[in-house]
Amino acid sequence: MENIWNFLDRFVDEIKSGKRMNGNNRYTAGSCKAWSSFRKLYNGFDPRHRLTWTDVDCALVTKFLDHLQKLDYMGSSVNKYLVSFRAMVGYAYEDGLQTVR
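Owing to the predicted nature of the structure, the values given are computational and were not obtained by experimental measurement.

Here we look at unusual backbone geometry
Phase 1 of the analysis: Of note, the phi angle at His49 is positive, near 55 degrees, even though the residue is not glycine.
Phase 2 of the analysis: Assignment of secondary structure puts His49 in the loop between α2 (29-45) and α3 (58-70).
Phase 3 of the analysis: Overall, the relative accessible area of 23% leaves His49 in the partly exposed class.
Phase 4 of the analysis: At Asp72, a position not held by glycine, the phi torsion is positive, near 65 degrees.
Phase 5 of the analysis: Note on placement: Asp72 falls in the loop between α3 and α4 (75-94).
Phase 6 of the analysis: In this structure Asp72 comes out as exposed when scored by relative accessible area, which is 68%.

Brief notes about the packing of aromatic side chains
Phase 1 of the analysis: Scanning the model with the defined rule gives 14 aromatic pairs in all.
Phase 2 of the analysis: Here the aromatic rings of Phe7 and Trp53 are separated by 5.5 Å at their centres, their planes lie at 80 degrees, and the arrangement is edge-to-face. In this pair, Phe7 sits in helix α1 (residues 4-17) while Trp53 sits in the loop between α2 and α3, placing the two residues 46 residues apart along the sequence. Grouping residues by exposure puts Phe7 and Trp53 together as buried.
Phase 3 of the analysis: With centroids separated by 6.2 Å and ring planes inclined at 65 degrees, the aromatic side chains of Trp35 and Tyr91 adopt a geometry described as edge-to-face. Here Trp35 is found in helix α2, whereas its partner Tyr91 is found in helix α4, with 56 residues between them in sequence.
Phase 4 of the analysis: The cationic tip of Lys80 hangs over the ring face of Tyr81; the distance from NZ or CZ to the ring centre is 4.7 Å.

Topic: the packing of α3 against α4
Phase 1 of the analysis: Axis separation between α3 and α4 bottoms out at 10 Å; the angle between their running directions is 145 degrees. For the pair α3 and α4, the sense of crossing is right-handed. On the side of α3, the interface is formed by Leu60, Val61, Phe64, Leu65 and Leu68, while α4 contributes Val78, Tyr81, Leu82 and Phe85.
Phase 2 of the analysis: Each residue belonging to the contact of α3 with α4 can be placed in one class, and the counts come to nine nonpolar, no polar and no charged.

Brief notes about the side chain of Arg20
Phase 1 of the analysis: Examined against the element boundaries, Arg20 turns out to sit in the loop between α1 and β1 (21-22).
Phase 2 of the analysis: For Arg20, the side chain forms a polar contact with the side chain of Asp95, separated by 2.7 Å.

Topic: the environment of Trp35
Phase 1 of the analysis: Among the residues examined, Trp35 registers a relative accessible area of 9% and is labelled buried.
Phase 2 of the analysis: What Trp35 contacts, discounting residues up to four positions off in sequence, is Leu8, Phe11, Val12, Ile15, Tyr27, Ser84, Ala87, Met88 and Tyr91.

About the thresholds
- Residues numbered from 1 in each chain as written.
- Predicted model: local features only at pLDDT ≥ 70, side-chain atom pairs only at ≥ 80, totals over all residues.
- Heavy atoms only, no water.
- Helix = DSSP H or I, 4+ residues; strand = E, 2+ residues; numbered from the N terminus.
- Buried < 20%, exposed > 50% of the residue type's maximum accessible area, 1.4 Å probe, protein only.
- Phe/Tyr/Trp six-rings, centres within 6.5 Å; stacked < 30°, edge-to-face > 60°.
- Lys NZ or Arg CZ within 6 Å of the ring centre and 35° of its normal.
- Axes fitted to C-alpha atoms, helices over the stretch in contact; angles between N-to-C directions.
- Left-handed = near helix turned anticlockwise from the far one by under 90°.
- Contact = heavy atoms within 4.5 Å.
- Nonpolar A, V, L, I, M, F, W, Y, C, P; charged D, E, K, R; others polar.
- Polar contact = N/O pair within 3.5 Å; in protein donor to acceptor, adjacent residues only side chain to side chain.

Function cannot be read off these values alone, since they describe shape.
Have a look at this one:
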């Protein structure tokens, strides 16, 4: 099973190259920047790139939120990155990678 990092890394690269579409449209430059920022943040959360899609559950989301709070992110930033995390899981599910738990 593909780990989360490999998916996220490929996902961001596909956005930058124009291979990954948002519906019928290409992602905007702002979206590319936001996903690149999320990828960097996720790398700090899972630096050894060990987490897989079978690890995604409520406990993992709580650990991710705790990680953000330890980094002293403001509430609005925490919410933004939580939305990105949920979107990433949704995109992985659409790609057939994420199992629902």
